[in-house]
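Architecture at a glance
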Amino acid sequence: MKKLILSLTFLLAARLVFAVEGMWLPLLLGLLNETEMKSLGMKMTAEDIYSVNKGSLKDAIVQFGGGCTAEVISDKGLLLTNHHCGFGQIQSHSTLEHNYLEDGFWAKTLKDELPNPGLTAMFISRIEDVTAAALAGVTDDMDKKTRQSTIDKNLDAIKKSAKMEAWEEAMVRPFFAGNQYFMFITVTYKDVRLVGTPPSSIGKFGADTDNWVWPRHTGDFSMFRIYADKNNRPAEYSTDNVPLKPKHFLPISLDGVAEGDFTLVFGFPGRTSEYLPSYAISQIADVLDPARIMVRDKTLAIWDGGMRADAQVKIQYASKQASLANAWKKWKGEVLGLRKTKAVKKKQQYEAEFMKLVTINPKFSKYQGLLKEFEQLYRDITPYAEAKAYFDEILGSNVEIFRAASRFNGITKAHEKNGEAGYIEEKQKVRDGLAAFYKDYRPEMDQRVFAAQMEVLVKKLGKDFQSEMLATMLANAGGSYEKLAENVFSNSFLTNQAAANAVLEKPMFDGIRGIVTDPGCQLLNSLRDVYNAKITPKYNEYNDRIEVLQATYMRAQMEVFPNKKFYPDANSTMRISYGQVQGYQPQDAVAYSPQTYLEGVMEKYVPGDYEFDVPARLRELYDKKDYGQYGENGKLPVCFLGSNHTTGGNSGSPAIDAHGNLIGLNFDRVWEGTMSDYNYDVSICRNIMVDARYVLFIVDKYAGATRLIQEMKLVHPKKDGPSAPKKEKQPKSIREKKQGSLKAPVKVEDY
Ligand code: ARG
Ligand code: GLU
């Protein structure tokens, strides 16, 4: 009995210790992580995950569209990624008649798969540590500029001498704030077609209310396919292209997950900052996040109202709204999480420890003043950083008319710089972009956003950061922001496409006059002048110094804590996170289990609702409990949680089991843990994945897209024994028997 209790305590303790922080470089796994990964239950070797000599897991992973991750799941280049990663493409193929957002889409044959100009899929051929060559000739006493130009020259030489094929490219990125450099040899495919997507009522189920939240019930997936030329190489879109033959693709496990199972997430995390000083964390939690949240609160309230009232607006604003709402909600969770985990205090304790070690060791005397210097710099930069946050938000992503104004102002600038030639060239560019802008533009909504945000600029910014023109326009409107907006919107050509086009059709000087006298263009120019004269010079000056200091601080942390295992901050390069399937306890007396089921979808179901409607076909399958081989004890798994350290960019990343099979698709983190970008805390940081069985169920049973299931490789690693040696394919008759009553001729192979 005593033994049992002991081993139970051990198990429990081990569970806590085992959840692992970090986003690791695939080529260093053998050195840094393999032992720990195996102790967590991994049955593969580091070489199975990343190898330059044979096909390995990394050959099934792509950066999708520059900002997401996707994985190859068949020998015909079939790609799995999130619904929200394919959202822009799905929207662009949607009309009121063929509304793929609303109804989903499944290409019946290869020929029906839809091309997406500009969409790319990038593989990594290999990764090399090039630190020595990158830093050759760099000395400690160099100033920032000389240092950077020396490094730039080195990087050029490294890329030029890199061994690669004609269709490959080389990129070199700094790690640990420029203390290390790695080169990535990449292959980018440019013909990536939409194969299928569930309706938003599945792919975006729960929309903004559920976004960043557990328990979750979203089938956040879509499918694409990579096409290559007849030599299997990247090519621009062509009807002659054929499906890619990948070096590796992920088999998909039908056996599901249990709490404590090993998980690995492979992908392209975008950006984290885990090694900042406490002053930076307070600035984020107390100043920057609250400013951005407040601006978006206003825009989103207006957009949401418009989208609920009008189906056309709902399509037009779907993508814009999703991206604005996504970061908005993340920041809210981030602030909460930073406070809840006392992140600033934790950093302060870490800094106290750092200073203690620095003070007793003369070797580190050069780091004595480092934190004090940070304190001063963050104090100095904060008013500029706050003003910049307001301007960036309002001018850059909330008030849409400024985006159009910015393009037209670009024409007059080009004219000032290059005369008529500049004018003509820039005008052509603007003309090309205009249709896309107006296709999804509603001036009546933007006018209300404009009114709200001009009030923010006037009320939230100090005297030094005010635009005189805005003040005058406001006075002319009798101090009313609504009247101000009405004045601008009824007098600006920017509010409608025909008027904007007419300006472009005028003779050059009339066109320029039209632009410089437009109230929207004028106001933007005046705001930009404030920004460029009063905010960015100081901001950049302090920020440059912070960056230099951060590089020193990074090196200092690695020297002062030589036994701490450091992982580089995310920088959109290929990484691996690993952990386990695990629930969490966000509050006293609240415990979340790690798996959700279709029951939960039905609990949330609100007929006809904007976020929580459930399609009839899915309700029918639920009523009949018709889950085929994808159910588990009469229930259908939907999403699950893990302790893998992930961030934006990991969307669409595969969740992989101990043997290298796909078990799920990463798409989110829990609300309480979004501060993991600054301060991963194993107690409440969890990533959210859609269960591979739910994906297969939707493709197969819901959509009937069995041609796709047939090209996948479905496996039973748990049932058939993980370590069973790879067997020859079974004769067809046996395979079919194993599938039992399944209608679709699914290929189920032994692991
Ligand atoms: N939160 C996830 C991510 O950061 C999913 C976003 C999907 N968008 C949405 N508004 N529901 O990207
Ligand atoms: N949804 C995020 C993305 O687009 C992933 C979730 C996260 O930020 O962790 O990459």
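Here the structure is a predicted model, which means the values were calculated and not measured.

A look at the site of ligand 2
- Around ligand 2 sit His-84, Trp-212, Thr-646, Thr-647, Gly-648, Gly-649, Asn-650, Ser-651, Phe-667, Asp-668 and Arg-669, and that is every residue in its neighbourhood.
- Contact distances for ligand 2 include 2.9 Å between a nitrogen atom and a backbone N or O atom of Phe-667.
- Here an oxygen atom of ligand 2 sits 2.5 Å away from a polar atom, N or O, in the side chain of Arg-669.
- Summarising the interface, the protein chains cover 91% of the accessible area of ligand 2, which totals 290 Å² for the free molecule.

Details of the packing of aromatic side chains
- The final tally for this structure, using the stated rule, is 29 aromatic pairs.
- For the pair Phe-354 and Phe-561, a centre-to-centre distance of 6.4 Å together with 45 degrees between the ring planes defines the contact as tilted. One end of the pair, Phe-354, is in helix α13 (residues 343-360); the other, Phe-561, is in the loop between α21 (519-560) and β13 (575-580), and 207 residues separate them in sequence.
- An angle of 75 degrees between the planes, with centres 5.9 Å apart, marks the rings of Tyr-627 and Phe-697 as edge-to-face. Linking Tyr-627 in the loop between α23 (616-624) and β17 (637-642) with Phe-697 in helix α25 (residues 692-702), this pair joins segments that are 70 residues apart in sequence. Residue Tyr-627 shares its accessibility class with Phe-697, and that shared class is buried.
- Ring-pair connections join several aromatic residues into one group, and the members of that group are Tyr-350, Phe-354, Phe-374, Tyr-378, Tyr-553 and Phe-561.
- Over the ring of Tyr-539 we find Lys-388; its NZ or CZ atom is 5.0 Å from the centre of that ring.

Regarding the pairing of strand β7 (residues 180-189)
- Among the ten residues of β7, nine are classified as buried, and the element is accordingly described as predominantly covered.
- Two strands pair when backbone bridges link them, and strand β5 (residues 121-129) and β7 are joined in this way by eight bridges, in the antiparallel orientation. Within β7, the position partnered with Ala-121 by the bridge is Tyr-189.
- When strand β6 (residues 169-175) meets β7, the two strands line up antiparallel, connected through seven bridges. For Phe-175, the partnering residue across the bridge sits in β7 and is Gln-180.
- Linkage of β6 to β7, two consecutive antiparallel strands, is achieved through a turn of four residues, within which Phe-176 is found at a positive phi near 50 degrees.

Notes on the side chain of Asp-440
- Mapped onto the secondary structure, Asp-440 falls in the loop between α15 (401-439) and α16 (443-460).
- One buried charge, Asp-440, has no salt-bridge partner; the nearest side chain with opposite charge is Lys-439, at 4.2 Å.
- In this view, Asp-440 contacts Gln-91, Gln-316, Tyr-317, Lys-320 and Glu-400; residues no more than four positions away in its chain are not counted.

Things to note about the pattern of salt bridges
- Under the defined criterion, the tally for this structure stands at 40 salt bridges.
- With a shortest N-O distance of 2.7 Å, Lys-58 and Asp-59 are connected by a salt bridge. Grouping residues by exposure puts Lys-58 and Asp-59 together as buried.
- In this structure, Glu-375 and Arg-379 form a salt bridge, with 3.4 Å as the shortest nitrogen-oxygen distance. Here the residue Glu-375 and the residue Arg-379 both occupy positions in helix α14 (residues 370-398), the gap between them amounting to four residues, near one helical turn.
- Residue class for Arg-379 comes out exposed when judged on its relative accessible area of 51%.

Observations regarding the site of ligand 1
- The full set of residues close to ligand 1 is His-84, Lys-204, Ala-207, Asp-208, Asn-211, Trp-212, Ala-322, Asn-326, Ser-651, Phe-667 and Asp-668.
- Asp-668 places a side-chain nitrogen or oxygen 2.7 Å from a nitrogen atom of ligand 1.
- Bound to the protein, ligand 1 loses 90% of the 340 Å² it would expose on its own.
- Every element with two or more residues in the shell around ligand 1 is listed here: α10 (207-210), α12 (311-340) and β19 (662-669).
- Residues that form the shell around ligand 1 fall into these classes: four nonpolar, four polar and three charged.

Considerations on the state of the cysteines
- Summed over all chains, the structure comprises one disulfide.
- A disulfide bridge connects Cys-68 with Cys-85, and the sulfur atoms are separated by 2.1 Å. Linking Cys-68 and Cys-85, the disulfide has an S-S dihedral of approximately -80 degrees and is accordingly described as left-handed. Here the residue Cys-68 occupies a position in strand β2 (residues 68-72), and Cys-85 occupies one in the loop between β3 (78-81) and α5 (87-92), the gap between them amounting to 17 residues.
- Cys-85 sits in the buried class, given a relative accessible area of 11%.
- Not part of a disulfide, Cys-639 finds its nearest cysteine sulfur in Cys-85, a span of 15 Å.
- Since its relative accessible area comes to 0%, Cys-639 is described here as buried.

The rules behind the values
Residues numbered from 1 in each chain as written. Chains lettered and ligands numbered in written order. Predicted model: local features only at pLDDT ≥ 70, side-chain atom pairs only at ≥ 80, totals over all residues. Heavy atoms only, no water. Near = heavy atom within 4 Å. Polar contact = N/O pair within 3.5 Å; in protein donor to acceptor, adjacent residues only side chain to side chain. Areas by Shrake-Rupley, 256 points an atom, 1.4 Å probe, with all protein chains shown as cover. Phe/Tyr/Trp six-rings, centres within 6.5 Å; stacked < 30°, edge-to-face > 60°. Helix = DSSP H or I, 4+ residues; strand = E, 2+ residues; numbered from the N terminus. Buried < 20%, exposed > 50% of the residue type's maximum accessible area, 1.4 Å probe, protein only. Lys NZ or Arg CZ within 6 Å of the ring centre and 35° of its normal. Pairing = 2+ DSSP bridges. Lys, Arg positive; Asp, Glu negative; His and termini not counted. Salt bridge = Lys/Arg side-chain N within 4 Å of Asp/Glu carboxyl O. Contact = heavy atoms within 4.5 Å. Nonpolar A, V, L, I, M, F, W, Y, C, P; charged D, E, K, R; others polar. Disulfide = S-S within 2.5 Å.

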